[in-house]
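Here is how the chains run, residue by residue.
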Amino acid sequence: IENGVNTFIGTRWFLEFDKSIVFLNEITKNLLQKKRPAPEDCFRKAVEHLRRKYGPDDVSLYNYVFYN
């Protein structure tokens, strides 16, 4: 952050390994698309993927925080 990072993803508590892998795979897949979507759009899509996979009441949906 001190060296000029404008965007990062934080967490509110410790991560569940398997759900973190799902989140990271999805956000990376979206970031690497040819069209180069905005990071916040990739973040939203990854959280939506978690919602579809684990349900709307899963705690992992509220763990990730997008800072811009």
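What you see is a predicted model, and the numbers here were worked out from it, not measured in a lab.

J.: I tried to follow the confidence of the model for the protein on my own but got confused; where do I start?
T.: Detailed reading of predicted coordinates is not advised where the pLDDT is low. Averaged over every residue, the pLDDT of the protein is 89; the share at 70 or more is 99%. The least confident element of the protein is strand β1 (residues 8–11), whose mean pLDDT is 83; the most confident is helix α2 (residues 39–54), at 94.

J.: Sorry if this is basic, but what is going on with empty space enclosed by the protein here?
T.: In this approach the atoms are scanned with a rolling probe the size of a water molecule, which exposes any empty space left behind. Overall, the coordinates contain one cavity of 30 Å³ or more when judged by the stated rule. Looking at the largest cavity, its volume works out to about 60 Å³. Forming the boundary of the largest cavity are Trp13, Phe14, Leu15, Glu16, Lys19, Ser20, Val59, Ser60, Asn63 and Tyr64. In terms of residue class, the lining of the largest cavity is built from five nonpolar, three polar and two charged.

J.: Sorry, what's going on with helix α1 (residues 17–31) here?
T.: For α1, built from 15 residues, the straight-helix expectation of 21 Å at 1.5 Å per residue is met to within 8% by its first-to-last C-alpha distance of 21 Å. Three or more residues of α1 are buried, namely Lys19, Ser20, Val22, Phe23, Glu26, Ile27 and Asn30. Seen along its axis, α1 keeps its buried residues to an arc of 160°; they face one direction. Of the exposed residues in α1, those oriented more than 90 degrees away from the buried face are Phe17, Asp18 and Asn25. Here the buried face of α1 lies against β1, α2 and β2 (64–67).

J.: Would you explain the packing of aromatic side chains in this entry?
T.: Any two aromatic rings considered together are summarised by their centre-to-centre distance and by the angle between their planes. Considering all chains together, one arrives at four aromatic pairs under this definition. Residues Phe23 and Tyr64 carry aromatic rings whose centres are separated by 3.9 Å and whose planes lie at 5° to one another, so their mutual orientation is stacked. With a gap of 41 residues between them, Phe23 in helix α1 and Tyr64 in strand β2 connect regions that are remote in the sequence. The exposure classification of Phe23 matches that of Tyr64, with both residues buried. Between Phe43 and Phe66, the aromatic rings sit 5.5 Å apart at their centres with planes inclined by 45°, giving tilted as the arrangement. Note that Phe43 is positioned in helix α2 and Phe66 in strand β2, a separation of 23 residues in sequence. Using a relative accessible area of 11% as the deciding quantity, one classes Phe43 as buried. Here the aromatic cluster, defined as three or more aromatic residues joined through ring pairs, consists of Phe23, Phe43, Tyr64 and Phe66. Seen from the ring of Tyr54, Lys19 lies directly overhead, with NZ or CZ sitting 4.8 Å from the centre.

Here is what the cut-offs are and how they apply
- Residues numbered from 1 in each chain as written.
- Predicted model: local features only at pLDDT ≥ 70, side-chain atom pairs only at ≥ 80, totals over all residues.
- Heavy atoms only, no water.
- pLDDT = per-residue confidence, 0-100.
- Helix = DSSP H or I, 4+ residues; strand = E, 2+ residues; numbered from the N terminus.
- 1 Å grid on protein atoms, 1.4 Å probe; cavity = no way out; pocket = protein on both sides within 12 Å on 5 of 7 lines; lining within 4 Å.
- Points joined across faces, edges and corners; volume = space filled by probe spheres on them.
- Nonpolar A, V, L, I, M, F, W, Y, C, P; charged D, E, K, R; others polar.
- Expected span 1.5 Å × (residues − 1).
- Buried < 20%, exposed > 50% of the residue type's maximum accessible area, 1.4 Å probe, protein only.
- Arc of directions from axis to C-beta.
- Contact = heavy atoms within 4.5 Å.
- Phe/Tyr/Trp six-rings, centres within 6.5 Å; stacked < 30°, edge-to-face > 60°.
- Lys NZ or Arg CZ within 6 Å of the ring centre and 35° of its normal.

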